[in-house]
Each structure stands twice: as C-alpha cells, then as structure tokens.
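Structure at a glance
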Amino acid sequence: MHDKASGVTVNDEVIKVFNDMKVRKSSTPEEIKKRKKAVLFCLSDDKKQIIVEEAKQILVGDIGDTVEDPYTAFVKLLPLNDCRYALYDATYETKESKKEDLVFIFWAPESAPLKSKMIYASSKDAIKKKFTGIKHEWQVNGLDDIKDRSTLGEKLGGNVVVSLEGKPL
C-alpha cells in the first residue's frame, strides 16, 4: 500500500520485526535471548521503502553480555546527522508494578539534512500505521532530549515511573 504523502512503502521485514516485538508469548529462554530489545529503521537508498537497518539492533540476549545498559547502547546506535525510526522495548517500574511497553521513536536531530527531515517526517505515518496498538510515540530532536533516561520515564508514565531498565530515575 502506498502512502500518498511521500509514496514510501514499508518493507515486510519491518512489519515482521514489529509483530515479533509486540507479541510477548511465553518463550523458551533461547527464544527470549533472540528477542529484539531495540531496532532502527531507515529509508532505503532509493528513498522508496522503509527498511530494517542492517546491524542496528540490540537483542535481549546481548544485555549483560556485550551490552551493559540497553538504554545507553540504544542511544549510541542513533546517527548524529540523520533521521531514523526506532522501536524500543522499555522495561520499567512504577510504584505498583513492573511493565513493558514498546515505544515508537522518530529520531530527527537538528543536524540532519533538511531533505532527510522532510522525507522522514512525511513518511512517518506510513510506518506508524503498520505499528498497530503502540501507545507511546516519541519525537526526539537531538541527544539532549534522549540521553537522559528520565525523559523516557516521563513519556511512559509521568512521575509514577521509578526505574527504567533496572536503573532508578
């Protein structure tokens, strides 16, 4: 299906990644390790498709192994001079309970080229429409907005969130 705004289509792999991240079925420890904790999506070189960005992801199994803190590691994946879409599977706690929520992030740093900002902004609905049932959307315009995890905490639940990825806010 074409999105009239920019004519950009969403690659099937993107939808598959989203569905895999969204469905929290009881899995074996091995399957859980392969779950994506975070993943980036970018426009293809010809700017016609939104695709899964090669090698820009964090798996649950990486945490505690090659990745100490998934949030910091995720922020480091973001390119400083270009836009991206991302899904981040946030694990957080409120005073009452532990929760997990998928967050759709539109990364549009000030330093990205104007043309890139325009096409990513006009294509955002195309990808968002495929991500049904996402409660949290966050547009980030630079590292200052995202480097502090408490900003995401506020997005997820205002001042009731006490920790994110096991670290107190």
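Look up: the structure comes first, before these words.
For clarity, every value in this text was computed on a predicted model and none was experimentally measured.

Re the pairing of strand 3 (residues 49–59)
Looking at chain direction, strand 1 (residues 9–10) and strand 3 are connected through two bridges and run parallel. Each bridged residue has a counterpart across the sheet, and for V10 the counterpart in strand 3 is I50. Pairing analysis gives six bridges linking strand 2 (residues 36–43) to strand 3, with the strands arranged antiparallel. What sits directly across from L43, in strand 3, is I50.

Looking at the pattern of salt bridges
A full pass over the atoms with the stated rule returns eleven salt bridges. The closest approach of N and O atoms between D144 and K147, which form a salt bridge, is 2.8 Å. Counted as one network, the salt bridges with shared partners bring together E53, D82 and R84.

Some words on the packing of aromatic side chains
If you walk through the whole model with that rule in mind, you get eight aromatic pairs. Considering the side-chain rings of F41 and F131, the 5.8 Å spacing of their centres and the 55° angle between planes classify their relative orientation as tilted. Here F41, found in strand 2, pairs with F131, found in the loop between helix 4 (114–130) and strand 6 (136–140); they are 90 residues apart in sequence, far enough to count as distant. Judged by its relative accessible area of 0%, F41 falls in the buried class. With 5.7 Å between their ring centres and 80° between their planes, F104 and F131 make a pair best called edge-to-face. Placement of F104 in strand 5 (residues 98–107) and of F131 in the loop between helix 4 and strand 6 is noted, with a sequence separation of 27 residues between them. Neither F104 nor F131 differs from the other in exposure class; each is buried. Ring pairing ties together the aromatic residues F18, F41, Y85, F104, F106, Y120 and F131, which thus form one cluster.

Thresholds, definitions, all that
- Residues numbered from 1 in each chain as written.
- Predicted model: local features only at pLDDT ≥ 70, side-chain atom pairs only at ≥ 80, totals over all residues.
- Heavy atoms only, no water.
- Pairing = 2+ DSSP bridges.
- Helix = DSSP H or I, 4+ residues; strand = E, 2+ residues; numbered from the N terminus.
- Salt bridge = Lys/Arg side-chain N within 4 Å of Asp/Glu carboxyl O.
- Phe/Tyr/Trp six-rings, centres within 6.5 Å; stacked < 30°, edge-to-face > 60°.
- Buried < 20%, exposed > 50% of the residue type's maximum accessible area, 1.4 Å probe, protein only.

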